[in-house]
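Here is how the chains run, residue by residue.
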Protein chains: 4
Amino acid sequence: MSQEQMERLKTLLPDWLETSRLHTSQGKVASYIPELAKSSQDALGIFIADSQGKVISAGDCGIPFTMQSISKVFTLILALMDHGEEAVFFNVGKEPTGDDFDSMIKLELVEPGIPFNPLINAGAITVSSLISGENPQEKSERVLQFFRKLAANDKIDYNLAVYESETESGHLNRSLAYFLKQNGIIKDPVDDVLEVYFRHCSIEVNCADLARMALVLAFDGVDPCSGEELIPRRYVQIAKTFMITCGMYNASGEFAIDVGLPAKSGVSGGILTMVPGQYGIGLVGPSLNKRGNSIAGVHLLERLSKEFDWSLF
Amino acid sequence: MSQEQMERLKTLLPDWLETSRLHTSQGKVASYIPELAKSSQDALGIFIADSQGKVISAGDCGIPFTMQSISKVFTLILALMDHGEEAVFFNVGKEPTGDDFDSMIKLELVEPGIPFNPLINAGAITVSSLISGENPQEKSERVLQFFRKLAANDKIDYNLAVYESETESGHLNRSLAYFLKQNGIIKDPVDDVLEVYFRHCSIEVNCADLARMALVLAFDGVDPCSGEELIPRRYVQIAKTFMITCGMYNASGEFAIDVGLPAKSGVSGGILTMVPGQYGIGLVGPSLNKRGNSIAGVHLLERLSKEFDWSLF
Amino acid sequence: MSQEQMERLKTLLPDWLETSRLHTSQGKVASYIPELAKSSQDALGIFIADSQGKVISAGDCGIPFTMQSISKVFTLILALMDHGEEAVFFNVGKEPTGDDFDSMIKLELVEPGIPFNPLINAGAITVSSLISGENPQEKSERVLQFFRKLAANDKIDYNLAVYESETESGHLNRSLAYFLKQNGIIKDPVDDVLEVYFRHCSIEVNCADLARMALVLAFDGVDPCSGEELIPRRYVQIAKTFMITCGMYNASGEFAIDVGLPAKSGVSGGILTMVPGQYGIGLVGPSLNKRGNSIAGVHLLERLSKEFDWSLF
Amino acid sequence: MSQEQMERLKTLLPDWLETSRLHTSQGKVASYIPELAKSSQDALGIFIADSQGKVISAGDCGIPFTMQSISKVFTLILALMDHGEEAVFFNVGKEPTGDDFDSMIKLELVEPGIPFNPLINAGAITVSSLISGENPQEKSERVLQFFRKLAANDKIDYNLAVYESETESGHLNRSLAYFLKQNGIIKDPVDDVLEVYFRHCSIEVNCADLARMALVLAFDGVDPCSGEELIPRRYVQIAKTFMITCGMYNASGEFAIDVGLPAKSGVSGGILTMVPGQYGIGLVGPSLNKRGNSIAGVHLLERLSKEFDWSLF
């Protein structure tokens, strides 16, 4: 079946991608991090990898982009591997918020003032503070090595221009971090925590890297190519569940209904998603819809999911 | 496999249920509808049905209880069958809220003032207004007949004492409904809409009924006993997705991580859930945790899901 | 001094009013109560009365308009006369909200769920429920007689078209009232309370009536013409304080800084204000600014207050 | 009259102060700035100064305390003197908020994201950024000199232990400041702005100093002893109006009704208030009520205002 599906995918994908690309004109490239504003408005690329090492790609799948919020999935996994479920979820909740990803409202209004989930900014900053390591450099290095291993690509590295751009313009993340500090949620100095956070957000990948990382999740933590377990299955399960309930910002519910796959998007236009047990998928399309997700990417994924009946539900 | 699992379930369930029952003392029976406050604090029952007509039950699975919020799943389905996706989702969103199920905040603060999803009260009241029918009586009758068919039980009926209790004490739902009226979301007179809403909340069932209704969802809308399609598959998919993202009040995210099954709970202590492709499950335990879900029921479901690896993720 | 000031006022007022009238084009007549939308966009009138029975008027001061929120000042006073400070302020607070006058947010979020003050809608509805009387008719009649006495005008009456319009379109006030009912703040049936509320909002007056009512407040509750004490001084003090802190919707703070007089505005474009110890002032200008106050009226009052150094501060 | 009132005050004050002091046991000394927690729970002192240089004092009026939020009134005045009304109110509003003094909610929810008024923390931080000066040191020095002149006391200085304590523990103020930076409200580096802010909060005074500063406001900006105009009258008017609408945290409305005087309190337990045209009053009582105001101080001021009919209203 998968073989046949791969063939049909290979045939359909180029045309479908071009159709979806037309939607890029209705979205907007993120501008709040100056360096991101340089992305190409009409770019769109996708890369699909299966467990036998077969791959399909279409469009601008070679362009590099920073992971941004997509990295939050994997820092959560690393924090879980470092400290276990109980310690992590003592500091961050498991619920969708219905608010903007950078909102402070629930931190102020809802006792006990912990972030609602690890995929909003406040939660991901908290998770960054839970990565093991003597100092921000060591923590960041561990994150980078973990990402490299998952992507099976030792060349993955930070985009320093984006990192500096985020550090300079990240007033709202600083505001969130000091609020968390006030609530006793983060213990380390704010600047140290944000260094780790801004660094993992600015790790640069391409669609193939994302697809490969997704493939590990699609196979419950085992790299299907090497057979090596890179992540305990339970932590993959937790990550995939959050990707369904909170992975696509305030359109997570809609994406779950219309696509039905675990996914995480980033403000750079990247989306990491997967068909569990089958494929890892990496996508990029910097033009964003109002909810902050790649406008053309969501369109393409919805069409693919409906055609191939990929929804988990 | 299923045969063997049924055997193990049959063996384990009585003991596990008694262990879970111990948790009932740490919860509280809902008191905001006076009639509900009469429920038994330490009751706990579960009923599991498979597609071959085999059933397993344990505990107080014969006690009757009103569906309350569980009914929202099926009125959503009926409204979708009556009007289609587009019309329904013009008036109600697809996103979890992170707020209380009866909150008005997002209606006031978030444009365009439609309820965030059909499983919070504001959303379910809106859905009630979308059931076809000339008048509240006709709409309510259609709902009742639909529920009877899904449960394969013609005896299902309203608990009139509960209905009257809700009508009398439902000031907050009235408040929500008038707010929706103000925002132009509901067109019919508020009292008419609430009659339908209060009626379907007060439909009385037992665990076997819930299990049978769940079984239809577990088999994508087809009654596996008769082979008849009762619900189009797409609407089942929508319903199951909402049950994952919003089915367990403000503990939906946690339930998705710890149990991983589509589920909907009610303030009466009922929970309807399913193992897709395998079982329909009905459960009742009136003692509620702080999030409004059956405290012992959630405990039991988590244990079962972990033991039998039922999570979708 | 007052004599001389009256002369200067008489000379300046007609020109100044015409200058202020130019601002009416930048505002908007309220449309949320259909009957109000019929008001004249460019009307502006003012009436000033002193304690010796001297009066000055300018512009369209003869046009009738409904009191709307201006009535809230006097129902508060009547409730205080009926039940005393303690009983009234057990059910309604004394603080400005910073939210819209019809907001529900603080009712939901801030314990114990009582309205923040008697001049927002939720507070005024609560106050309406505290007017003594056997039934809504009797309560309404007492309100009307009280207003007639304060205005020294027995002809004041309801505008029934407006009353009916408000009753029909007042979904948001119904929503607020049911929320208050839920919180236990109002005891009587919601429809009874709203009848009283909608009635006093739709009492029709002109600028002279408002000026006369204001004069009683300006002289601490004593009608300076008859010498009769109509309101205990303490309740006038309370009313005037609320008019400073909450009288002009979400522009109360700005009005206090720029005009500095106790005032209450209504959505009909009316403003009642006073120079304590000197004048009662009634004004109407249906074109409203974004905060819901008469755009030309505020302009004119600011100019007068600066010229004659009327600010209390 | 004033002479006679001074005599009565002198007679009554010692007893009344002791009665009010009994209330200190029902409050709590602020602990969020560690250094403040060392204050004496049962201290209470008051100092009243008139325009002829006569003074009355009672209780612990000699103890030193830091100005905290009381300083916000005078930095507002200095910013107004530096830049004028228009520039200041382009960056900060004029409305009470109804929220906590350190809340971020309205910054996030209400366009255009400027602080609602200059007496909440966000507003006062913004005002600190508007003090003229080349650098934080120069700005702070100008503030200190201004305060010394108003208090006619060259010895007034920073309490460096408190300053350092606030700098170290001021995470929430940092959070607010970065939010303001994000919204473009403050232009200077956050650390520079907060240095000025934390410094003026930690200026140490006693009741006599506060009374003297208040006296200048009570006489419209003119030091009644020297006859020198220290503040333009309009800026005093603005300051006094804010003290009525927002000076006593979320009990400003209540204080206006029950005391009726312009006042500003600080978390150290200080209150600066005045009887316009008559007295300047300084008070300290570190035990705070739930709204953050000196519990015994409010009690004493209410009794005095009622006895001597001091309310402006």
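Calculation rules
Residues numbered from 1 in each chain as written. Chains lettered and ligands numbered in written order. Predicted model: local features only at pLDDT ≥ 70, side-chain atom pairs only at ≥ 80, totals over all residues. Heavy atoms only, no water. UniProt positions renumbered as here; feature names shortened; annotations may be inferred. Helix = DSSP H or I, 4+ residues; strand = E, 2+ residues; numbered from the N terminus. Contact = heavy atoms within 4.5 Å. Areas by Shrake-Rupley, 256 points an atom, 1.4 Å probe, with all protein chains shown as cover. Lys, Arg positive; Asp, Glu negative; His and termini not counted. Charge placed at Lys NZ, Arg CZ, Asp CG, Glu CD. Least-squares fit on C-alpha atoms with pLDDT ≥ 70 in both. Phe/Tyr/Trp six-rings, centres within 6.5 Å; stacked < 30°, edge-to-face > 60°. Buried < 20%, exposed > 50% of the residue type's maximum accessible area, 1.4 Å probe, protein only. Pairing = 2+ DSSP bridges. Buried area = accessible area lost by both parts, 1.4 Å probe. Salt bridge = Lys/Arg side-chain N within 4 Å of Asp/Glu carboxyl O. Polar contact = N/O pair within 3.5 Å; in protein donor to acceptor, adjacent residues only side chain to side chain. Axes fitted to C-alpha atoms, helices over the stretch in contact; angles between N-to-C directions. Disulfide = S-S within 2.5 Å. Parallel < 35°, antiparallel > 145°, perpendicular 65-115°, else oblique. Left-handed = near helix turned anticlockwise from the far one by under 90°. Nonpolar A, V, L, I, M, F, W, Y, C, P; charged D, E, K, R; others polar.

- Chain A has the name Glutaminase in an unreviewed UniProt entry, where Paenibacillus kyungheensis is given as its organism.
- Within the UniProt record for chain A, the comment given under Subunit (unreviewed entry) is "Homotetramer."
- Looking at chain A in UniProt, the text filed under Sequence similarities (unreviewed entry) is "Belongs to the glutaminase family."

**Things to note about the overall build of chain A**
Now for step 1: When helices and strands are tallied, chain A shows 12 helices and 10 strands.
Now for step 2: Projected onto its principal axes, the C-alpha coordinates of chain A cover approximately 55 × 40 × 35 Å.
Now for step 3: Pairs at least 24 residues apart make up 68% of the contacts formed inside chain A by residues separated by at least 6 positions.
Now for step 4: Of the roughly 10800 Å² that chain A leaves accessible, carbon and sulfur atoms contribute 49%.
Now for step 5: Seen as two clouds, the 27 positive and the 40 negative side-chain charges of chain A have centres 2 Å apart.

**Some words on the relation of the copies chain C and chain D**
Now for step 1: The two copies are related by a screw operation: chain C maps onto chain D through 180° of rotation and 0.0 Å of translation along the axis, at an RMSD of 0.0 Å. Viewed as a symmetry operation, the transformation between the two copies matches a two-fold axis.

**Some details on the packing of aromatic side chains**
Describing an aromatic ring pair means giving the distance of the ring centres and the angle of the ring planes.
Residue and element names in this part refer to chain A.
Now for step 1: Enumeration over the complete set of coordinates arrives at 26 aromatic pairs over all chains.
Now for step 2: Ring geometry for F101 against Y249: centres 5.1 Å apart, planes inclined by 50°, an arrangement best described as tilted. Here F101 is found in the loop between α2 (71-91) and α3 (105-109), whereas its partner Y249 is found in the loop between α10 (233-246) and α11 (252-258), with 148 residues between them in sequence.
Now for step 3: For F101, a relative accessible area of 25% puts it in the partly exposed group.
Now for step 4: Pairwise contacts between aromatic rings join Y279, F308 and W310 into one cluster.

**Observations regarding the sheet that holds strand β5 (residues 157-158) of chain D**
Residue and element names in this part refer to chain D.
Now for step 1: The three strands lie next to each other as β4-β6-β5, forming an open sheet whose pairing is antiparallel. Single-partner strands in this sheet number two, and they are β4 (65-66) and β5.
Now for step 2: Both β4 and strand β6 (residues 203-205) contribute to a ladder of two bridges, which runs antiparallel. Paired with T66 across the two strands is E204, which belongs to β6.

**Details of the interface of chain C and chain B**
Now for step 1: Contacts between the two partners involve 14 residues from chain C and, on the opposite side, 14 residues from chain B.
Now for step 2: A combined buried area of about 1400 Å² lies between chain C and chain B, and 68% of that area is made up of carbon and sulfur atoms.
Now for step 3: Inspection of the chain C/chain B interface yields zero salt bridges.
Now for step 4: Run the count over chain C and chain B and you get seven residue pairs in polar contact (both at pLDDT 80 or more).
Now for step 5: A total of eight residues in the side of chain C that touches chain B trace back to one element, the largest contributor, which is helix α7 (residues 171-182) of chain C.

**Overview of the sheet that holds strand β9 (residues 279-284) of chain B**
Residues and elements named next belong to chain B.
Now for step 1: Spatially, the five strands line up as an open sheet ordered β3-β2-β9-β8-β7, and their pairing is antiparallel. Looking at which strands have only one partner, the edges of the open sheet turn out to be β3 (55-59) and β7 (263-265). Looking at each pair of strands side by side, their axes are set apart by 10° on average, direction ignored.

**Digging into unusual backbone geometry**
Now for step 1: With omega at 0°, the peptide bond leading from A:E111 into A:P112 counts as cis.
Now for step 2: Examined against the element boundaries, A:P112 turns out to sit in the loop between α3 and α4 (121-128).

**So, the state of the cysteines**
Now for step 1: One pass over the structure, following the stated rule, counts zero disulfides over all chains.
Now for step 2: Of all cysteine sulfurs, the one in B:C207 lies closest to B:C61, which takes part in no disulfide; the gap is 5.8 Å.

**Remarks on the packing of helix α4 (residues 121-128) of chain B against helix α7 (residues 171-182) of chain B**
Residue and element names in this part refer to chain B.
Now for step 1: Taken N-terminus to C-terminus, the directions of α4 and α7 make an angle of 65°; their axes are 10 Å apart at the nearest point. As judged from the angle between their axes, α4 and α7 are roughly perpendicular. In this structure, α4 crosses over α7, and the sense of that crossing is right-handed. Residue-level contacts link N121, A122, I125 and T126 of α4 to N173, L176, A177 and L180 of α7.
Now for step 2: Class assignment of the residues belonging to the contact of α4 with α7 gives a composition of five nonpolar, three polar and no charged.

**Comments concerning the UniProt feature "binding site: substrate" (unreviewed entry) in chain A**
All names here are of chain A.
Now for step 1: Per the UniProt record, "binding site: substrate" (unreviewed entry) is annotated on S69, N121, E166, N173, Y197, Y249 and V267.
Now for step 2: With respect to the element layout, E166 can be found in helix α6 (residues 160-169).
Now for step 3: At 2.7 Å, the side chain of E166 forms a polar contact with the side chain of Q68.
Now for step 4: Relative accessible area serves as the criterion here: at 10%, Y249 is assigned to the buried category.

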